[in-house]
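# Architecture and fold: a report
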Amino acid sequence: MTTDLTEGKPSSKLFWFSLPLLLSVAFQQLYQMADSMIVGRFAETPAAGELALAAVGASYPITQLFVAVATGVNIGTSVLVSQLFGAKRCLRMKTAISTALLTTTVIALLLTLVGTLATGGIMRALQTPQNIFVDGSLYLRVYVFGLLFLFIYNVCTGIFNAMGDSRTPLILLILSSVSNVILDLVFVAEFQWGVAGVAWATFIAQGCAGALAFLLLLLRRVRSFDTGGHFLLFSPDMLRRLTNYAIPSIAQQSFVSVGNVIIQYYVNLCGATVIAGFSAATKVNMFALTCCMSFSSGLSSYVAQNIGARKLDRIGPGLKAGATFSIALALVFMAIYLLFADLLISLFIPAGSSSGVIDVGRQYLFIVTPFYIIVCIKFVCDSVLRGAGAMRLFMITTFSDLIIRVVLSIALFHVWREPGIWLSWPLGWFLGSGLSVWFYKTGVWRKNLPTL
């Protein structure tokens, strides 16, 4: 099913298109949280559960670096295909899709090779404590083996979203999430494989989702478009255009992940208890942020399609609707997290664990959660920049946020230890949000709109 976002009431179109995206990211984050919950709660002893949670948490920023590259390719592909779909240039759209898939496969294989060779060195460079080093390295190595599936899945879902189909990615993600949790329970609770169990569960579930997205769904969808001619399997021109959109997105996403890796280095200096608490709290935090961001992701496709159709007057109403939906959801998360922080963190650790993990997680959520509205404003303004292809402006807003966050986390760590690190999040959001709003209000994103 495809959706034309250039017609109809903007708020209604955006809501119903974004709702499956919201459910998709919710399921995605839930199964990622399930990895940490299950490996922590089903360990043989509370101490072992805390160490297992810390091991998965220590490798998490590295896995997110690979996800960042996949997400950047997803964004670049989605923007390009959305614009061509909105302009009804189906032959060129097929060429863009084929070019994106071939390029993505090459990138994924190269990263798999690099990741396999560098796993141990990366974990050592991050000062990973010795008591979680082996398990953390194992989880990361298995994750790297599944990068091809991760990349194929991401580019396929980006193409589906670009065509206005947010339901197919939702169905794929539900299947993947449910199978991942079931495999987690079998491998960890039943077989007692520990960290290795959740790693292999993710590998299998991700592999099935990637293969299904490409073989059974995307090929059939692309063939359904009657182009009246033969498309090119690979086009240097499409690669150039894809690169123009994807490289800034990859750089932005990767830079964010590198920043998180730097922050993880300082968290690792605080010991396994702080690592475990930080791991649990960041999973909870990311669940809220990615859910709020789903309306921004929908808005990017909405903006790109309307720019392709040259209906710029629809962008303002779409942004207002996206901001309303995103902020309303943020308020719900703020209330839940501030009232039930201890309960949420306790879900990740076995009964009888030390209260230190909960104390760390609660402290993080209490500092970060009250500022969700600020980051939601940044999300929606960034989505207009991204949908319009103004990737340099998008990078500036994100880099400013991250640079401030990393610099402050390092500086404040030496003053207040871990609470100083947590404070860097809202301070970075304030700067990034201010720049995003300014770029949108001045209309600089309207310059150099793509020629289709």
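You'll find the structure just up there.
Attention in this report is confined to the structure presented alongside it. Values in this document were obtained by computation on a predicted structure and should not be read as measured data.

### Observations concerning the overall build of the protein chain
- For the protein chain, the count of helices and strands is 15 helices and zero strands.
- A compact globule built from 452 residues would reach a C-alpha radius of gyration of about 22 Å, and the protein chain, at 21 Å, matches this within 12%.
- Counting only C-alpha atoms, the protein chain reaches 65 × 45 × 35 Å along its principal axes.
- Residue burial in the protein chain is summarised as follows: out of 452 residues, 59% are buried.
- Contacts spanning at least 24 positions in sequence make up 85% of the contacts within the protein chain whose residues lie at least 6 apart.

### Structural notes on empty space enclosed by the protein
- For the structure shown, the criterion picks out two cavities of 30 Å³ or more.
- Of the volumes computed, that of the second largest cavity is approximately 30 Å³.
- Together, Tyr 143, Gly 146, Ala 199, Thr 202, Phe 203 and Gln 206 line the second largest cavity.
- The biggest single contributor to the lining of the second largest cavity is helix 7 (residues 195-223), with four residues.
- Classifying every residue of the lining of the second largest cavity gives three nonpolar, three polar and no charged.

### Quick word on the side chain of Ser 177
- Along the chain, the position of Ser 177 falls in helix 6 (residues 167-190).
- With residues near it in sequence (within four places) discarded, Ser 177 still touches Phe 27, Gln 28 and Tyr 31.

### Brief notes about the state of the cysteines
- The final tally for this structure, using the stated rule, is zero disulfides.
- Cys 291 takes part in no disulfide bond, and the closest cysteine sulfur, belonging to Cys 292, lies 6.9 Å away.
- The thiol of Cys 381 is not disulfide-bonded; the next cysteine sulfur, from Cys 376, is found 11 Å away.
- The buried category is assigned to Cys 381, whose relative accessible area is 5%.

### With respect to helix 5 (residues 147-162)
- Between its first and last C-alpha, helix 5 extends 23 Å over 16 residues, near the 22 Å set by a 1.5 Å rise per residue.
- Within helix 5, 14 of the 16 residues are buried, which leaves it mostly tucked inside the rest of the structure.
- Phi turns positive one or two residues past the end of helix 5, at Gly 164, with a value near 80 degrees.

### Points about the side chain of Thr 63
- Along the chain, Thr 63 turns up in helix 2 (residues 46-86).
- Beyond its immediate chain neighbours, meaning those up to four positions away, Thr 63 contacts Tyr 139, Leu 140 and Tyr 143.

### Quick word on unusual backbone geometry
- In this structure, Gln 127 takes a positive phi of about 60 degrees despite not being glycine.
- Inspection of the secondary structure assignment puts Gln 127 in the loop between helix 3 (90-125) and helix 4 (130-145).
- Classification of Gln 127 by relative accessible area gives partly exposed; the value is 41%.
- Even without being a glycine, Arg 310 presents a positive backbone phi close to 60 degrees.
- When you line up the elements, Arg 310 lands in the loop between helix 9 (272-308) and helix 10 (315-339).

### Section: the pattern of salt bridges
- Per the stated rule, a full pass over the model turns up six salt bridges.
- In this structure, Arg 362 engages Asp 359 in a salt bridge whose closest nitrogen and oxygen atoms are separated by 3.0 Å. Taken together, the positions of Arg 362 and Asp 359, both in helix 12 (residues 356-368) and three residues apart, correspond to about one turn of that helix.
- Classification of Asp 359 as partly exposed rests on a relative accessible area of 34%.
- Within this structure, Arg 92, Asp 237 and Arg 240 form a network of salt bridges that share partners.

### Some words on the packing of helix 9 against helix 13 (residues 372-387)
- Where helix 9 contacts helix 13, the two axes come as close as 8 Å, and the packing angle between them is 25 degrees. In terms of orientation, helix 9 lies roughly parallel with respect to helix 13. Judged by the sense of rotation from one axis to the other, the crossing of helix 9 with helix 13 is right-handed. For the pair formed by helix 9 and helix 13, the contact residues are Asn 285, Ala 288, Leu 289, Cys 292, Met 293, Ser 296, Ser 297, Leu 299, Ser 300, Val 303, Ala 304 and Ile 307 on the first element and Tyr 372, Val 375, Cys 376, Phe 379, Val 380, Ser 383, Val 384, Arg 386 and Gly 387 on the second.
- Looking at side-chain class alone, the contact of helix 9 with helix 13 contains 14 nonpolar, six polar and one charged residues.

### A short note on a nonpolar patch on the surface
- A contiguous nonpolar patch, built from Val 332, Ile 336, Leu 339, Phe 340, Leu 343 and Leu 347 and spanning about 550 Å² of accessible area, is present on the exposed surface.
- By residue number, the principal contributor to the nonpolar patch is helix 10, which donates three residues.
- Of note, Leu 339 is situated in helix 10.

### Overview of helix 1 (residues 10-41)
- Compared with the 46 Å implied by 1.5 Å per residue over 32 residues, the 45 Å span of helix 1 between its first and last C-alpha is a close match.
- At Ser 18, helix 1 shows its maximal bend, which comes to roughly 30 degrees, and the proline Pro 20 appears one to four places after that position.

Conventions and cut-offs
- Residues numbered from 1 in each chain as written.
- Predicted model: local features only at pLDDT ≥ 70, side-chain atom pairs only at ≥ 80, totals over all residues.
- Heavy atoms only, no water.
- Helix = DSSP H or I, 4+ residues; strand = E, 2+ residues; numbered from the N terminus.
- Rg over C-alpha atoms; globule rule 2.2 N^0.38 Å.
- Buried < 20%, exposed > 50% of the residue type's maximum accessible area, 1.4 Å probe, protein only.
- Contact = heavy atoms within 4.5 Å.
- 1 Å grid on protein atoms, 1.4 Å probe; cavity = no way out; pocket = protein on both sides within 12 Å on 5 of 7 lines; lining within 4 Å.
- Points joined across faces, edges and corners; volume = space filled by probe spheres on them.
- Nonpolar A, V, L, I, M, F, W, Y, C, P; charged D, E, K, R; others polar.
- Disulfide = S-S within 2.5 Å.
- Expected span 1.5 Å × (residues − 1).
- Salt bridge = Lys/Arg side-chain N within 4 Å of Asp/Glu carboxyl O.
- Axes fitted to C-alpha atoms, helices over the stretch in contact; angles between N-to-C directions.
- Parallel < 35°, antiparallel > 145°, perpendicular 65-115°, else oblique.
- Left-handed = near helix turned anticlockwise from the far one by under 90°.
- Patch = residues over 30% accessible without salt bridge, like charges linked within 9 Å, V, L, I, M, F, W, Y side chains within 5 Å.
- Areas by Shrake-Rupley, 256 points an atom, 1.4 Å probe, with all protein chains shown as cover.
- Bend = angle between axes of the 7 residues up to and from the residue.

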